[in-house]
Amino acid sequence: QGQVPSSQLLGSRSCAPVRSQTPALAGTPRAEGTPPVRPALGCGRRGRNCSSRAGRGGHVVRGCRDKERAWEPERSGTGGLAAAGEINFSVIGRYVDYLVEEQGVKNVFVNGTTGEGLSLSISERCQVAEEWVTKGKNKLDQIVIHVGALSLKESQELAQHAAEIGADGIAVIAPFFLKPWNKDVLINFLKEVAAAAPALPFYYYHIPALTGVKIRAEELLDGIQDKIPSFQGLKFSDTDLLDFGQCVDQNRQRQFAFLFGVDEQLLSALVMGATGAVGSTYNYLGKKTKQMLEAFERKDFSSALNHQFCIQRFINFVVKLGFGVSQTKAIMTLVSGIPMGPPRLPLQKASREFTDNAEAKLKSLDFLSCTDLKDGNMEACS
Ligand SMILES: CC(=O)N[C@@H]([C@@H](O)[C@H](O)[C@H](O)CO)[C@@H](O)CC(=O)C(=O)O
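Rules behind the numbers
- Residues numbered from 1 in each chain as written.
- Predicted model: local features only at pLDDT ≥ 70, side-chain atom pairs only at ≥ 80, totals over all residues.
- Helix = DSSP H or I, 4+ residues; strand = E, 2+ residues; numbered from the N terminus.
- Buried ≥ 20, exposed ≤ 12 C-beta atoms within 10 Å, placed from the backbone.
- Contact = placed C-beta atoms within 7 Å.
- UniProt positions renumbered as here; feature names shortened; annotations may be inferred.
- Axes fitted to C-alpha atoms, helices over the stretch in contact; angles between N-to-C directions.
- Parallel < 35°, antiparallel > 145°, perpendicular 65-115°, else oblique.
- Left-handed = near helix turned anticlockwise from the far one by under 90°.
- Nonpolar A, V, L, I, M, F, W, Y, C, P; charged D, E, K, R; others polar.
- Pairing = 2+ DSSP bridges.
- Right-handed = clockwise from strand over helix to strand, strands pointing away.
- Expected span 1.5 Å × (residues − 1).
- Arc of directions from axis to C-beta.
- pLDDT = per-residue confidence, 0-100.

A. Just the overall build of the protein chain, in detail. The helix and strand tally for the protein chain stands at 15 helices and 9 strands. Per-residue burial over the protein chain gives 50% buried out of 382 residues. Within the protein chain, residue pairs in contact and separated by at least 24 positions form 76% of the contacts whose partners lie at least 6 positions apart.

Right, here's the structure in full:
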């Protein structure tokens, strides 16, 4: 079985502190059997202060340099085809177009949970980031790269690399094996990563259910800018709306971005002051979610609630079937027509039964019609 992991996007997620901003996605598409593209080097976007690696003299981003060789087809002996289990970069450009044109999503969060960032090597993470920046140039508004890792040094390498390629921001989760035991220790870790890319807006990615680090975000934010001057905001992937509300309430004087990451509860978070959203479902429900954001903006709360309930109906349905990153990838493939490939171990590919059920539900909720389906997925309509 050829396994080609790729990254996630937003649906990936609104990274801008503007309430009406399109939700950004997280995750990287993976594809099977398509030719990988060697990522272009150098910085991409909006004249950000970055320089190419070649121009940085002695600056070494070890993992990222190794990859340059690994992806030369003539050396890999694969004749230009992605080997089993490898990332296929060639779909990222198409996926950018799909997000922008079909889902109205212009901000992405790369190498996060949906993109299985923690299951990739450092070299792969660099390549994925580069490909998104290259292909997103002049198309996407913001590209935030998740650079969290268990090793502080690796996290710093990734942060430096993100700055060099011209990303718009970096995000970091709490280290989750040897864990920080209190707020100060966590801040010390985050501060060291942020210092590796001081010009890049820095986001803390709060996802306690996966990291096991339960330090409240509200506590962490208290005085954080004194320690991390580039601190820009929070990606809050937790259902504790008391904690989230207090983050907003206690930081009203600051221009922080509060990006909410529980898609089925987004409306509640908007009421509390969320400035954007980052989530897996925006990969395929981006347009629907935008309608909810727009209804909320124009204070049409009844419509906004209808949209949220509709989205909840779908999420509630798939959660009962068993829903995670693998299933998200299957739905992304179904809706976009762009092959995401299977997830990487220890995750298992979603079952055909799951995909069939999810497809039927999407159609019954009018989230998907046969005319939405791309050539590659037409058989799903028969
Ligand atoms: C645990 C998890 O995967 N949470 C998702 C949500 O979008 C989640 O899939 C959705 O709310 C459905 O429960 C996001 O918060 C993850 C995310 O933003 C990312 O891929 O980094």
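B. Highlighting the UniProt feature "binding site: pyruvate" (unreviewed entry) in the protein chain. UniProt marks T114 and V278 with the feature "binding site: pyruvate" (unreviewed entry), using the numbering shown here. The named residues occupy 165 residues along the chain; their greatest pairwise C-alpha distance, 10.5 Å, places them in one compact cluster. Inspection of the secondary structure puts T114 in the loop between strand 3 (107-110) and helix 4 (122-136). Tracing the backbone shows V278 in the loop between strand 9 (276-277) and helix 12 (282-297).

C. How the structure looks around the packing of helix 12 against helix 13 (residues 301-321). Remark: helix 12 packs on helix 13, axes separated minimally by 7 Å, with the N-to-C direction vectors making an angle of 155°. Taken together, the axes of helix 12 and helix 13 lie roughly antiparallel to each other. When the axes of helix 12 and helix 13 are compared, the crossing they make is left-handed. Of the residues in helix 13, those in contact with L285, K288, T289, Q291, M292, A295 and F296 of helix 12 are S303, A304, H307, Q308 and I311. Grouping the amino acids of the contact of helix 12 with helix 13 by side-chain chemistry returns 6 nonpolar, 5 polar and 1 charged.

D. Main features of the UniProt feature "active site" (unreviewed entry) in the protein chain. The UniProt entry lists Y205 and K235 under the feature "active site" (unreviewed entry), expressed in the numbering used here. On the basis of their most widely separated C-alpha atoms, the annotated residues across 31 residues gather in one place, lying no more than 4.7 Å apart. Residue placement: Y205 occurs in strand 6 (residues 202-206). Setting aside chain neighbours within four positions, we find Y205 in contact with G112, H146, G148, A171, V172, I173 and K235. Examined against the element boundaries, K235 turns out to sit in strand 7 (residues 231-236).

E. Region of interest: the pairing of strand 7. With 6 of 6 residues buried, strand 7 lies mostly within the body of the structure. Of the strand pairs in this sheet, strand 6 and strand 7 are connected by 5 bridges, and their pairing is parallel. In the strand pairing of strand 7, Y205 is matched with K235. Where strand 7 meets strand 8 (residues 257-260), 4 bridges bridge the pair, whose relative direction is parallel. Paired with K235 across the two strands is L259, which belongs to strand 8.

F. Structural context of the pairing of strand 8. Covered by surrounding structure in strand 8 are A257 and L259 together with F258 and F260, the residues of both alternating faces. What joins strand 7 to strand 8 is helix 10 (residues 241-249), and the crossover it makes is right-handed. As judged from the 2 bridges shared by strand 8 and strand 9, these two strands associate in the parallel manner. Opposite F260, over in strand 9, you have A277 as the bridge partner.

G. Fine view of helix 6 (residues 183-195). Counted at 1.5 Å a residue, the expected span for helix 6 with its 13 residues is 18 Å, and the 18 Å between its end C-alpha atoms agrees. Looking at helix 6, one finds that the buried residues are L186, I187, L190, V193 and A194. Looking straight down helix 6, one finds that the buried residues subtend no more than 125° of arc, so they occupy a single side. Projecting away from the buried face of helix 6 at angles above 90 degrees are the exposed residues D184 and N188. Elements that come into contact with the buried residues of helix 6 comprise helix 5 (152-165), strand 5 (169-172), strand 6, helix 8 (217-221) and helix 9 (224-227).

H. Summary view of unusual backbone geometry. Here the residue pair L345 and P346 is connected by a cis peptide bond, since its omega of 15° sits within 30 degrees of zero. Along the chain, P346 falls in the loop between helix 14 (325-336) and helix 15 (352-364). In this model, E116 sits at a positive phi of 55°, which is unusual for a non-glycine residue. Position of E116 relative to the elements: it lies in the loop between strand 3 and helix 4. Phi at K299 takes a positive value of approximately 60°, unusual for a residue other than glycine.

I. Spatial organisation of the confidence of the model for the protein chain. Across the protein chain, pLDDT averages 81, with 75% of residues at or above 70. Under a pLDDT of 50 for its full length, residues 1-81 has, in the predicted model, 286 contacts with residues more than four places off or in other chains. Note on residues 378-382: pLDDT under 50 across the span, and 6 contacts to partners over four residues away in sequence or across chains. Here the predicted complex carries an ipTM of 0.99, next to a pTM of 0.82.

J. Representation of helix 14 in the model. With 12 residues, helix 14 should cover 16 Å at 1.5 Å per step; its first-to-last C-alpha distance of 16 Å lies within 8% of that length. Among the residues making up helix 14, those that are buried are Q327, T328, K329, A330, I331, M332, T333, L334, V335 and S336. Looking one or two places after helix 14, you find G337, whose phi comes out positive at around 75°.

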